[in-house]
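Each chain, letter by letter, is given below.
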Amino acid sequence: MRKQRASFEQVEISHGGIAVTLRPSLRAATILEERFGLPALHAALEDLNYTVICEIIRASEISSGTPNAAAFLTAVQRRPLLPFFLAVRAPLFELVSMLTPAPEKRVQPLHTTGKQVTWAEVFAALYDRATGWLGWTPEQAWNATPTEIDRAYRAHLEKLKAIHGGGSDDEKEPDPEQAERNVAAGLDPEFDRAGLQALKSSGRRK
């Protein structure tokens, strides 16, 4: 079971007197999933894989941060790596866990279908919701975290439901929590599509 998250979606890593703030944005999630796959990120942290750890840091840095990830990693190369691994491993595990939407309690159980869906499809759906339903700019969507988009989208649907009422279960969408359970179990990053609550006009997410 994933531990409770912080109220904000970012972590700080520090080593050798240098600190960098990292954010699990949708951009970072999409880049890292495409390059490595989410299970490989966890494995890299377990194995102290310097190359992949550096990529996690680069993809997740806040662009306006000072110093930036490049300066941080340049300084790391001048020192023994073991203290670096010990300093960044725990916060990076937390960061990787935040690349997927935080689970929320469900009132009704999900209904499983046979179709397969990948994390890439989940992230694409989040981008579509942010730029389509929520009206965010592409840059706002890419800089938001998967959880922020998910919660904003849920709130938007609740608003529509309060105004217009109704809702049905005709449409089905990718279920991030089912994907997470498969990742935790060491399965392939594809998972059975789970039924999610539907909007009365477009497919409502769980």
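See the structure shown above.
Cut-off values and rules
Residues numbered from 1 in each chain as written. Predicted model: local features only at pLDDT ≥ 70, side-chain atom pairs only at ≥ 80, totals over all residues. Heavy atoms only, no water. Phe/Tyr/Trp six-rings, centres within 6.5 Å; stacked < 30°, edge-to-face > 60°. Buried < 20%, exposed > 50% of the residue type's maximum accessible area, 1.4 Å probe, protein only. Lys NZ or Arg CZ within 6 Å of the ring centre and 35° of its normal. Axes fitted to C-alpha atoms, helices over the stretch in contact; angles between N-to-C directions. Helix = DSSP H or I, 4+ residues; strand = E, 2+ residues; numbered from the N terminus. Parallel < 35°, antiparallel > 145°, perpendicular 65-115°, else oblique. Left-handed = near helix turned anticlockwise from the far one by under 90°. Contact = heavy atoms within 4.5 Å. Nonpolar A, V, L, I, M, F, W, Y, C, P; charged D, E, K, R; others polar.

Examining the packing of aromatic side chains
Evaluated as defined, the whole model comprises seven aromatic pairs. Measuring from ring centre to ring centre gives 5.5 Å for Phe-84 and Phe-85, while their planes differ by 50°; the resulting arrangement is tilted. By the burial criterion, Phe-84 is buried, and Phe-85 matches it. Among the aromatic residues, those joined into a cluster by ring pairs are Tyr-50, Phe-72, Phe-84 and Phe-85. The lysine or arginine in question, Arg-129, covers the ring of Tyr-153, its NZ or CZ lying 4.9 Å from the ring centre.

Things to note about the packing of helix H6 (residues 119-133) against helix H8 (residues 146-164)
Where H6 meets H8, the axes come as close as 10 Å, and the angle between the chain directions of the two elements is 50°. As the angle between them shows, H6 and H8 are arranged oblique. Handedness of the H6/H8 crossing: left-handed. Residues Phe-123, Leu-126, Arg-129, Ala-130 and Trp-133 of H6 form the contact with H8, whose participating residues are Pro-146, Ile-149, Asp-150, Tyr-153, His-156, Leu-157 and Leu-160. Of the residues assigned to the contact of H6 with H8, the class counts are nine nonpolar, one polar and two charged.

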